[in-house]
Every structure is written in C-alpha cells, then in structure tokens.
Amino acid sequence: MIWLSFACCYLGLAAAGLAMNLHHRRVFQRAPSERAKRALNAIGAVLLLTSAMLSIHATSGAVGLVTTVAMTAISGLFFSGLLALAPRWIGVPALLLVLVSLT
C-alpha cells in the first residue's frame, strides 16, 4: 500500500506542476487553458490527500504523516529532475510505481 501511496503522491505533484504555465509548456509545447489549470490543481490536491490517507492507513498516524512528507519530498525531487532532463518521461515513474504496487 505504501507503493500505491507513493504513486499517488508523485501523480499529485505532477498534476500540480503541470498546472503551471512554464511546466505545461515545457512538456506539451502549449500553455494550459484556465479550465485545465483548475482541473489539474484539483486532481493534484485529491491525489495528494489520497496519498496521505493511504500512508496513514498503512502505518500508524504519526508515522504515516512523516512518511507522507518524505514521499512528497522524494516525489518532488523525481518530478523536478525529470522535468529538467526528460520532460516527456514524466509519466513513466508513475506507471512503474502503480505496477509495483499491484504486484
């Protein structure tokens, strides 16, 4: 369940990051519409909350919160690194994390 939480955390940060004009333009070569920005921000918030709930459920309350903070930091590092080096590959880690969590 921790791997699924990590995948939700990465996807949440990726959605929130892609809601920004600069990052969206870097990946898709066009600016997002206002509707897309709001949708990406909402999806990102829901996925980050889902990640926190999964992490708290998998471990105890305090440990789950610390795990969530650590996963958010690691996800942000992965996202920013991929955005700088290979912007088109942003979805690959999420797909791999989901596959690992389902096994």
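Scroll up a little and you will see the structure.
Source: prediction; values computed, not measured. (Residues numbered from 1 in each chain as written. Predicted model: local features only at pLDDT ≥ 70, side-chain atom pairs only at ≥ 80, totals over all residues. Heavy atoms only, no water.)

Colleague: Would you mind going over the packing of aromatic side chains with me for this structure?
Modeller: The way to describe two aromatic rings as a pair is by their centre distance and the angle between their planes. Throughout the structure, instances matching the rule amount to one aromatic pair. Relative to phenylalanine 78, the ring of phenylalanine 6 lies with its centre 6.3 Å away and its plane at 75 degrees, an arrangement referred to as edge-to-face. Here phenylalanine 6, found in helix H1 (residues 2-18), pairs with phenylalanine 78, found in helix H4 (residues 61-85); they are 72 residues apart in sequence, far enough to count as distant. On the accessibility criterion, phenylalanine 6 (9% relative accessible area) is buried. (Phe/Tyr/Trp six-rings, centres within 6.5 Å; stacked < 30°, edge-to-face > 60°. Helix = DSSP H or I, 4+ residues; strand = E, 2+ residues; numbered from the N terminus. Buried < 20%, exposed > 50% of the residue type's maximum accessible area, 1.4 Å probe, protein only.)

Colleague: Can you walk me through the environment of methionine 1 in this structure?
Modeller: Here methionine 1 lies in the segment before H1. Each C-alpha atom, one on methionine 1 and one on valine 46, is 17 Å from the other, the two residues being 45 residues apart in sequence. Among residues more than four places away in sequence, those in contact with methionine 1 are Leu54, His57 and Ala58. (Contact = heavy atoms within 4.5 Å.)

Colleague: Is there a simple way to think about the pattern of salt bridges in this case?
Modeller: Pairing is possible between side chains of opposite charge, provided their charged atoms come close. On inspection of all chains with the given rule, the structure shows one salt bridge. A salt bridge links lysine 37 to glutamate 34, with the nearest nitrogen and oxygen atoms 3.3 Å apart. Taken together, the residues span about one helical turn, with lysine 37 and glutamate 34 both in helix H3 (residues 34-58) at a distance of three residues. Given the relative accessible area of 17%, lysine 37 is considered buried. (Salt bridge = Lys/Arg side-chain N within 4 Å of Asp/Glu carboxyl O.)

Colleague: When you look at helix H2 (residues 21-28) in this model, what are you seeing that I'm missing?
Modeller: Listed in full, the buried residues belonging to H2 are His23, His24 and Val27. On an axial view of H2, the arc spanned by its buried residues comes to 100 degrees, and they lie on one face. In this structure, the buried residues of H2 make contact with H1, H3 and H4. At the exit of H2 stands glutamine 29, carrying a positive phi of roughly 60 degrees. (Arc of directions from axis to C-beta.)

Colleague: Teacher, can you tell me more about the packing of H1 against helix H5 (residues 91-102) here?
Modeller: In contact at an axis separation of 8 Å, H1 and H5 are set at 160 degrees when each is read in the N-to-C sense. The angle between H1 and H5 places the two elements in the roughly antiparallel class. The crossing of H1 and H5 is left-handed. For the pair H1 and H5, contact is made by Trp3, Leu4, Phe6, Ala7, Tyr10 and Leu11 and by Pro93, Ala94, Leu97, Val98, Val100 and Ser101, respectively. Grouping the amino acids of the contact of H1 with H5 by side-chain chemistry returns 11 nonpolar, one polar and no charged. (Axes fitted to C-alpha atoms, helices over the stretch in contact; angles between N-to-C directions. Parallel < 35°, antiparallel > 145°, perpendicular 65-115°, else oblique. Left-handed = near helix turned anticlockwise from the far one by under 90°. Nonpolar A, V, L, I, M, F, W, Y, C, P; charged D, E, K, R; others polar.)

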